[in-house]
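# Results of the structural survey
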Amino acid sequence: AGAVVQTKEDPVLGTTEWLLSNGITVILKPTDFDDNRIAFHGGHPGGYSLAHLGEYVSAKYADTLASKSGLGPFDRTTLPKRLVGKSAHASLGFQELEVTLSGGSNLASIDTMFELMWLRATRSRIDAKEFKTYKANRIEGIRNREANPETAFYDLYKKILWQNHPRRQPTTRKIIDQLDLEVARKYLKLFTQDWAGTTFVFVGKLDLKALKPKIEKWIGGLPTTKDKRPTYRDLGIRAT
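Residues numbered from 1 in each chain as written. Predicted model: local features only at pLDDT ≥ 70, side-chain atom pairs only at ≥ 80, totals over all residues. Heavy atoms only, no water.

Moving on: the pairing of strand β4 (residues 37-45). Direction of pairing for β4 relative to strand β6 (residues 98-106): antiparallel, over a ladder of 9 bridges. Bridge pairing in β6 places P45 opposite E98. In the sheet, β4 pairs with strand β7 (residues 199-204) via 6 bridges, with the strands oriented antiparallel. In the sheet register, H41 faces β7, and the bridge partner there is V201. (Pairing = 2+ DSSP bridges. Helix = DSSP H or I, 4+ residues; strand = E, 2+ residues; numbered from the N terminus.)

As structure tokens, this is what we get:
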């Protein structure tokens with residue numbers, strides 16, 4: 001676990017900001033929209049803009065593949081059984097310029113939410129069986145899409161809009177064929193091994209006193225390289 005090392009209050013926004021000992025920032029905003037839920041979203045610069053073109057497709061789909069696989073000690077079948085009676089979720093997101101971690105729960109399942117957050121951040125994986133199934137399903141979906149006569153129009157429009165850039169191509173069987181299990185695993189590890197520069201925002205029915213030790217434990221304990229400044233790569237892609 002880490003610790004809160006600095007606190008800031010914003011009376012205008014009604015937020016409390018905690019700086020944790022591992023360098024992660026947490027912003028808390030109590031709201032009254034729902035008296036039985038909290039939600040969080042965290043992110044830092046990065047994402048699959050950092051992957052070179054030959055590995056771009058596998059890096060882009062690494063989060064989706066992880067979401068369809070097991071988590072920590074649980075496989076895809078066991079995990080839902082472990083969560084029976086709980087109302088909590090957490091998910092990874094890899095965008096072109098950002099890596100995100102988000103989720104939420106009802107008040108009774110907050111501990112489970114933090115456990116899932118931790119597992120998503122540090123113990124995500126891509127299972128070979130689920131990889132093979134996902135790839136086959138995507139190819140079948142593309143076959144159905146290509147049977148639609150409007151597909152050619154929209155694909156041509158996209159190519160013109162993005163000047164036929166190789167990272168803005170319509171999703172075809174050729175592109176899905178580029179998915180590589182080991183490359184996807186490599187980028188999943190790369191994007192989750194260091195959470196330096198992340199800012200989390202929590203909203204909902206927040207009890208700051210009760211949340212503080214949980215945030216210090218689960219977020220304050222995330223791996224970070226304190227002197228690292230996360231970044232992304234501007235690929236120069238601009239719409240016409």
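It is worth spelling out the confidence of the model for the protein at this point. Confidence in the prediction for the protein averages 94 pLDDT; 100% of positions are at 70 or higher. Considering each helix and strand of the protein separately, the mean pLDDT is smallest for helix α3 (residues 78-82), with a value of 91, and largest for β7, with 98. (pLDDT = per-residue confidence, 0-100.)

With that out of the way, let us pick up the nonpolar core. Of all hydrophobic cores here, the largest spans 55 residues; its most connected members are V26, F114, I126, F200, F202, I215 and I219. Excluding its chain neighbours within four sequence positions, the residues that come into contact with V26 are T16, E17, W18, L20, F200, F202, I215 and I219. (Core = buried A, V, L, I, M, F, W, Y, C linked by side-chain atoms within 4.5 Å. Buried < 20%, exposed > 50% of the residue type's maximum accessible area, 1.4 Å probe, protein only. Contact = heavy atoms within 4.5 Å.)

The next thing to look at is the pattern of salt bridges. All told, the structure shown has 10 salt bridges when counted by the stated rule. Note that E55 and K186 form a salt bridge whose closest N and O atoms lie 2.8 Å from each other. Within this pair, whereas E55 is found in the loop between β4 and α1 (56-60), its partner K186 is found in helix α8 (residues 181-192), the two being separated by 131 residues in sequence. Accessibility expressed as a relative area gives 15% for E55, which makes it buried. Assessed through its relative accessible area of 42%, K186 is described here as partly exposed. Linking R143 and E140 is a salt bridge whose minimum nitrogen-to-oxygen distance equals 3.1 Å. Highlighted residues: R143 and E140, both in helix α5 (residues 128-146), separated by 3 residues, approximately one helical turn. When its relative accessible area of 41% is taken as the criterion, R143 is described as partly exposed. (Salt bridge = Lys/Arg side-chain N within 4 Å of Asp/Glu carboxyl O.)

Turning our attention to the packing of helix α4 (residues 110-122) against helix α9 (residues 208-218). At their nearest, the axes of α4 and α9 sit 10 Å apart, and the two run at 15° to each other. By the angle between their directions, the pair α4 and α9 is classed as roughly parallel. Crossing of α4 against α9: the hand is right-handed. Counted together, I110, D111, F114, E115 and W118 of α4 and L211, K214, I215 and W218 of α9 form the full contact between these two elements. In terms of residue class, the contact of α4 with α9 is built from 6 nonpolar, no polar and 3 charged. (Axes fitted to C-alpha atoms, helices over the stretch in contact; angles between N-to-C directions. Parallel < 35°, antiparallel > 145°, perpendicular 65-115°, else oblique. Left-handed = near helix turned anticlockwise from the far one by under 90°. Nonpolar A, V, L, I, M, F, W, Y, C, P; charged D, E, K, R; others polar.)

It is worth spelling out the environment of E182 at this point. Tracing the chain through its elements places E182 in helix α8. A distance of 2.9 Å separates a polar atom in the side chain of E182 from a polar atom in the side chain of R185. (Polar contact = N/O pair within 3.5 Å; in protein donor to acceptor, adjacent residues only side chain to side chain.)

Turning next to the sheet that holds strand β2 (residues 15-20). What the 7 strands build is an open sheet, ordered β1-β2-β3-β7-β4-β6-β5; its pairing is mixed. The two strands at the open ends of the sheet, each matched to only one other strand, are β1 (4-10) and β5 (88-94). Here the strands of the sheet are splayed against their neighbours by 15° on average, with no regard to which way each runs. Across the sheet, α8 is in contact with β4, β5 and β6; its angle to β5 comes to roughly 105°.

For α4, which comprises 13 residues, the first-to-last C-alpha distance of 18 Å matches the rise-based estimate of 18 Å (1.5 Å per residue) to within 8%. Burial runs high along α4: 10 of the 13 residues are buried. Of all the residues in α4, the buried ones are I110, T112, M113, F114, L116, M117, L119, R120, A121 and T122. (Expected span 1.5 Å × (residues − 1).)

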